[in-house]
Amino acid sequence: MRIKSQIFYLTISAYFLVFSLAGCGGDSADDLSANIVPSEHFNEFLVRDLRSYFNLPARSPKSVGQEFIKGNEDAVKSSNGLPRYYLWVFVYEGNKVVSEGFAEVDSVSKTRFTVRTFISKDAIKKDPRAIEEAYGTSLGADIIDRANRH
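First, a word on scope: everything that follows refers to the structure included in this document. It should be emphasised that the depicted structure is a prediction, and the values quoted were computed from it without experimental measurement.

The rules behind each value
Residues numbered from 1 in each chain as written. Predicted model: local features only at pLDDT ≥ 70, side-chain atom pairs only at ≥ 80, totals over all residues. Heavy atoms only, no water. Phe/Tyr/Trp six-rings, centres within 6.5 Å; stacked < 30°, edge-to-face > 60°. Helix = DSSP H or I, 4+ residues; strand = E, 2+ residues; numbered from the N terminus. Buried < 20%, exposed > 50% of the residue type's maximum accessible area, 1.4 Å probe, protein only.

1. Some details on the packing of aromatic side chains
In total, this model carries 11 aromatic pairs according to the counting rule given. With 6.4 Å between their ring centres and 55 degrees between their planes, tyrosine 53 and phenylalanine 118 make a pair best called tilted. With tyrosine 53 in helix α3 (residues 39–53) and phenylalanine 118 in strand β5 (residues 112–120), this pair connects stretches of sequence that are 65 residues apart. With a relative accessible area of 38%, tyrosine 53 lands in the partly exposed category. Look at phenylalanine 102 and tyrosine 135: their rings are 5.0 Å apart centre to centre, the planes differ by 70 degrees, and that puts the pair in the edge-to-face class.

Here it is, written out as C-alpha cells:
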C-alpha cells in the first residue's frame, strides 16, 4: 500500500510540474507586440533606419524603398525574440536603382528597426545555394527568385 501511495504522489507531482512549466515560455504574440513598431509609424521609421544603415544623410540625393518578401508581410519571432521582417530593399539615386538586396530587419522597442543582415542582389546570384542553406527552401527560393528578376 505504501508503494502505491508513493507512486500516486509522484504521478501527481509530475503532472503539476508539467502544467506549471507549460506556461513558462510566455506568449510569443505578447513578446512580439511589445516590440512591433505601430502601423502609423512603420514606414516612416523603417525608411529612417534603412537610410541610416546605408549611410544616407537627410540631404542625400539617394533614397530607399522596400518590399516584403512574398508571404512574409507579418513579423516572425527571431532567435533573439524580436519581431523580424524579411524585405527586399532598394537604394535609389533619382529613379535609378544603385543597390538592392535582401534584408532581415528586427523591430525594437516600438521605436526603431535594426538591419540584422543585408545581402546584395549580386551576392545572392553568385551563391544561391548558400541562401537556400541559410534560409530554407521556401524563403530561400523567394529570395533567389527576387534576385533573378531583371
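2. Comments concerning unusual backbone geometry
With phi around 55 degrees, asparagine 55 is a residue other than glycine that occupies positive phi space. As for its position among the elements, asparagine 55 is in the loop between α3 and β1 (62–68). Here asparagine 55 falls in the exposed class, since its relative accessible area comes to 65%. Of note, the phi angle at lysine 110 is positive, near 60 degrees, even though the residue is not glycine. By secondary structure assignment, the location of lysine 110 is in the loop between β4 (96–108) and β5.

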